[in-house]
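Inside the fold
Each chain is listed here by its residues.
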Amino acid sequence: MNAIVALCHFCELHGPRTLFCTEVLHSPLPQGAGNGDSPGQSEQAEDEEGGIQMSSRIRSHSPAEGASADSSSPGPKKSDMCEGCRSLAAGHPGYVSHDTETSIKYVSHQHPNHPQLFSIVRQACVRSLSCEVCPGREGPIFFGDEQHGFVFSHTFFIKDSLARGFQRWYSIITIMMDRIYLINSWPFLLGKIRGIIDELQGKALKVFEAEQYGCPQRAQRMNTAFTPFLHQRNGNAARSLTSLTNDDNLWACLHTSFAWLLKACGSRLTEKLLEGAPTEDTLVQMEKLADLKEESEGWDGSEGEEEKPSAQPDVVEGRELTKCPTDTSLVSDCSSWNVASRRLSVFRSLRHMRQVLGASAFRMLAWHVLMGNQVIWKARDADLIQSAFDILRTMLPVGCVRIIPYSDHYEEAYRCNFLGLSPHVHIPPHILSSEFAVIVEVRTATQCSLYPVLFDDEQPLSKYEFVVTSGSPVAADRVGPTILNKIEAALTNQNLSVDVVDQCLVCLKEEWMNKVKVLFKFTKVDSRPKEDTQKLLSILGAAEEDNVKLLKFWMTGLSKTYKSHLMSTVRSPTSLESRN
C-alpha cells in the first residue's frame, strides 16, 4: 500500500511535531540509505515475521534529526527540538524492513527525507493536532484533498505526571493519495491503530501510577505558590515518549507495527480487472469446447461397440481433418494455434497478404470472406493454405468460421466456408461460375522475381503466383461493406503497426457484432415489420445492400447461449406482461 503512517505529538513549546513515520519504498532507498552500518551500529537485530525481515540499518545521518547542517534539509533544526519532539537520537540510523515476498522496503525515521513528502506529512500533522479533531479531542477522523493527500487521523492522550492536566496529546495518521482505498480501509485501520494506542496508553498509565504513588503531583501543585504562566510553561518541557512508557525499544516496536500495518492493509484489498460480459467469440469457443468434451466422453463410452463405417460423412471429415491437426471444422476456433509445431507461416498478416496478392485481388477475396461466400484455395503446399486461412479467419467472428484445411475432393459450401484443395481436385462448373464462391489458385511462378521478396524470411513466396477468380468479381467502383473499407484504410496506413491493425480489427468485429445482436433481437425475437427494420438499419449505419448481407451472415455466428437467453427472456411472464 502506497501510504505513510506517522506518530505526531503536540509539544507545548514547539507546537505540532512529527515524531516517527514509516513509508513504503518500491525503489532504492533514499539518498544515503543502506550505505552500510554507521559507527556503533555494526550489530544488527534482524527478525522475520510474515515475510518481513527487519534491520536497524538505514542511513548514517538523518537531516530531519538535525544531524546535517544543510539549510535545505526538510526537518527542523536541532535548536527547535526538545526531548518531547525527538524520537530517535542524533545519529541513529533508523529502521528498515525488507519484504522478501514483494521486494518492498518499509523505512522508518523521524521525518521523510523527500522534501515534498515532508511537507505533506508536516501539514497532516498540524491539521490532525489543531483543527481536524473529533469531539472530545480523542478519536478517529478523516480529512484531506487531492493535492496534499487524504488522511486517517486518530488522536489520543498519554498520561504524564509532569504535564499540565497530567496528559500529553498525540495522534497516529495514515496518509495516502487514494481516497476510495483509504475510506474502504477505515474499519481495518481503526481496529489496528486503536490496538497500538491502547498498548501505548497502558504502558504510560503504569509509569504514571508509579510516579504518582511515589510523589503525588496534584497535591504538590496545589501547595505550590502561584508562578507566571510562561515560567511554568518553560519549566514543564515535554518528556520523550520512551520516558513516558519506560520502553527503550518503543521505536523498534512501533516500526514493526507500522510496517505490518502497511503490508496487511495493502494485502487485504486487491484490485480486480472486470472485463464485462464475455464476447460472442468467447461464448462460441466455450460452447464448442463443451461439445468436444461431450463427444469425447461418448466415444470413450462406446469403445467396445462396433466401429462406424468409414463412408459416413462425419468420419470422412474427421479423417481428413486428422491430416492437419491444427484446425478442424469443429475445433478450429476452440484450440489455440501452436505455431511452433508447424513450419514457418507463409502469410504473416493481412497487410502482408494484401501486398502479395495485390490491392484489387485482396479486396475481392476479403469481400467474399466477409459476405460468407465459400473461399477455395488450390495449392500443393498445405502449409501455405493453412497460413492463408489463419489470416483470413481473423476478419470473421469465431462462430462464422468453418474450415476444412486440405481435402482430396470438393466439399459443399454448407459444410465449410474455407476449403483447401490439392491442385488436381475437380471443382464443379456451377461453383466456378457462382457468384457465391471465390477461388485462389497457387501456381508455380515462371520467374523467381515475379513477386519480389518483401522480407528476408519470405523467400517461399517468390516461387508462387496467385490467381484470384470469381463468378461475380467485385467492381472497382463498388462501395462494399463499411467494415471492409475501414480494414483497407487501416492496412494502407503505414503509421499503424501490425499489432495495432490487429487491435483495430478486433474493435471493428465487436462493433459490428453488437449491430448483429440488435438486428437479431429486432427481427427474430421481437418480430418487427420490415419498415421498422429498414429504419433500424439506417440508424445502425448499415442500410446498404452489402452491409445488410454481412449482418445476416454474421447473425449465424451468434452463440447459442445468447440466442437462448433472448428467447427465455421473451417467454418469461414479466416480459409478456410488459408487452401487454
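Per an unreviewed UniProt entry, the protein chain goes by the name Folliculin and belongs to Gopherus evgoodei. Under Sequence similarities (unreviewed entry), UniProt gives the following word-for-word description of the protein chain: "Belongs to the folliculin family."

Another point: the overall build of the protein chain. The helix and strand inventory of the protein chain stands at 19 helices and 14 strands. Looking at the protein chain residue by residue over its 580 residues, the buried ones come to 47%. Across the protein chain, every contact between residues at least 6 apart in sequence was considered, and the portion connecting residues at least 24 apart equals 70%. Here the protein chain displays about 30,200 Å² of accessible surface, and carbon together with sulfur accounts for 54% of that area.

Looking now at the sheet that holds strand 10 (residues 374–378). Across the sheet, five strands lie side by side as 11-12-10-13-14; this open sheet has mixed pairing. In this open sheet, the two strands that pair with only one neighbour each are strand 11 (403–407) and strand 14 (464–470). On average, adjacent strands in this sheet sit at an angle of 15° to one another, irrespective of strand direction. Note that strand 10 and strand 13 (residues 437–444) share five bridges and pair parallel. Paired with Val375 across the two strands is Val438, which belongs to strand 13.

On the surface, Asp291, Glu294, Glu295 and Glu297 cluster together to form a negatively charged patch. If you trace the backbone, Glu295 turns up in helix 8 (residues 280–301).

A large share of strand 5 (residues 95–99) lies buried, amounting to four of its five residues. Pairing between strand 5 and strand 6 (residues 104–109): five bridges, direction antiparallel. Bridge assignment links Val96 to a residue of strand 6, and that residue is Val107. Between strand 5 and strand 6, which follow one another and run antiparallel, lie four residues, and Ser103 among them has a positive phi close to 60°.

Position of Ser171 among the secondary structure elements: in strand 9 (residues 167–176). Among the residues examined, Ser171 registers a relative accessible area of 0% and is labelled buried. In this structure the side chain of Ser171 is engaged in a polar contact, spanning 3.1 Å, whose partner is the side chain of Ser128. What Ser171 contacts, discounting residues up to four positions off in sequence, is Ala6, Leu7, Cys8, Ser128, Leu129, Ser153, His154, Thr155 and Phe156.

Before going further, it helps to spend a moment on the packing of aromatic side chains. By the definition in use, this model includes 15 aromatic pairs. Taking the centre distance of 6.0 Å and the plane angle of 20° together, the rings of Phe156 and Tyr170 count as stacked. With Phe156 in strand 8 (residues 149–159) and Tyr170 in strand 9, this pair connects stretches of sequence that are 14 residues apart. You can call Phe156 buried: its relative accessible area is 1%. Looking at Tyr170, the relative accessible area reads 1%, which means it is buried. Aromatic rings pair up to connect Phe20, Tyr95, Trp251 and Phe258 into one cluster. In this structure, Lys515 packs its charged tip against the face of Trp512, placed 4.0 Å from the ring centre.

To continue, consider the pattern of salt bridges. A full pass over the atoms with the stated rule returns 15 salt bridges. Across the pair Asp99 and Lys263 runs a salt bridge, and its minimum N-O distance is 2.9 Å. Taken as a pair, Asp99 in strand 5 and Lys263 in helix 7 (residues 250–268) lie far apart in primary sequence, 164 residues in all. For the pair Asp99 and Lys263, one class covers both residues: buried. The partner of Glu211 in a salt bridge is Arg239, and the shortest N-O contact between them spans 2.7 Å. Of this pair, Glu211 sits in helix 3 (residues 186–214) while Arg239 sits in the loop between helix 5 (229–235) and helix 6 (241–245); the two residues are 28 residues apart in sequence, bridging distant segments of the chain. Using a relative accessible area of 15% as the deciding quantity, one classes Arg239 as buried. Connected through shared salt-bridge partners, Asp160, Arg168, Glu211 and Arg239 make up one network.

So, on to unusual backbone geometry. Both trends apply: most residues other than glycine have a negative phi, and most peptide bonds are in trans. For Ser103, which is not a glycine, the phi torsion comes out positive at approximately 60°. When you line up the elements, Ser103 lands in the loop between strand 5 and strand 6. Of note, the phi angle at Asn246 is positive, near 55°, even though the residue is not glycine. Mapped onto the fold, Asn246 is located in the loop between helix 6 and helix 7.

Attention now moves to the packing of helix 10 (residues 350–357) against helix 11 (residues 359–371). Between helix 10 and helix 11, whose axes approach to 6 Å, the crossing angle comes to 125°. The orientation of helix 10 relative to helix 11 falls into the category oblique. Crossing hand, helix 10 versus helix 11: right-handed. On helix 11, the residues touching Leu350, Met353, Arg354 and Leu357 of helix 10 are Ala359, Ala361, Phe362 and Leu365. Classifying every residue of the contact of helix 10 with helix 11 gives seven nonpolar, no polar and one charged.

About the thresholds
- Residues numbered from 1 in each chain as written.
- Predicted model: local features only at pLDDT ≥ 70, side-chain atom pairs only at ≥ 80, totals over all residues.
- Heavy atoms only, no water.
- UniProt positions renumbered as here; feature names shortened; annotations may be inferred.
- Helix = DSSP H or I, 4+ residues; strand = E, 2+ residues; numbered from the N terminus.
- Buried < 20%, exposed > 50% of the residue type's maximum accessible area, 1.4 Å probe, protein only.
- Contact = heavy atoms within 4.5 Å.
- Areas by Shrake-Rupley, 256 points an atom, 1.4 Å probe, with all protein chains shown as cover.
- Pairing = 2+ DSSP bridges.
- Axes fitted to C-alpha atoms, helices over the stretch in contact; angles between N-to-C directions.
- Patch = residues over 30% accessible without salt bridge, like charges linked within 9 Å, V, L, I, M, F, W, Y side chains within 5 Å.
- Salt bridge = Lys/Arg side-chain N within 4 Å of Asp/Glu carboxyl O.
- Lys, Arg positive; Asp, Glu negative; His and termini not counted.
- Charge placed at Lys NZ, Arg CZ, Asp CG, Glu CD.
- Polar contact = N/O pair within 3.5 Å; in protein donor to acceptor, adjacent residues only side chain to side chain.
- Phe/Tyr/Trp six-rings, centres within 6.5 Å; stacked < 30°, edge-to-face > 60°.
- Lys NZ or Arg CZ within 6 Å of the ring centre and 35° of its normal.
- Parallel < 35°, antiparallel > 145°, perpendicular 65-115°, else oblique.
- Left-handed = near helix turned anticlockwise from the far one by under 90°.
- Nonpolar A, V, L, I, M, F, W, Y, C, P; charged D, E, K, R; others polar.

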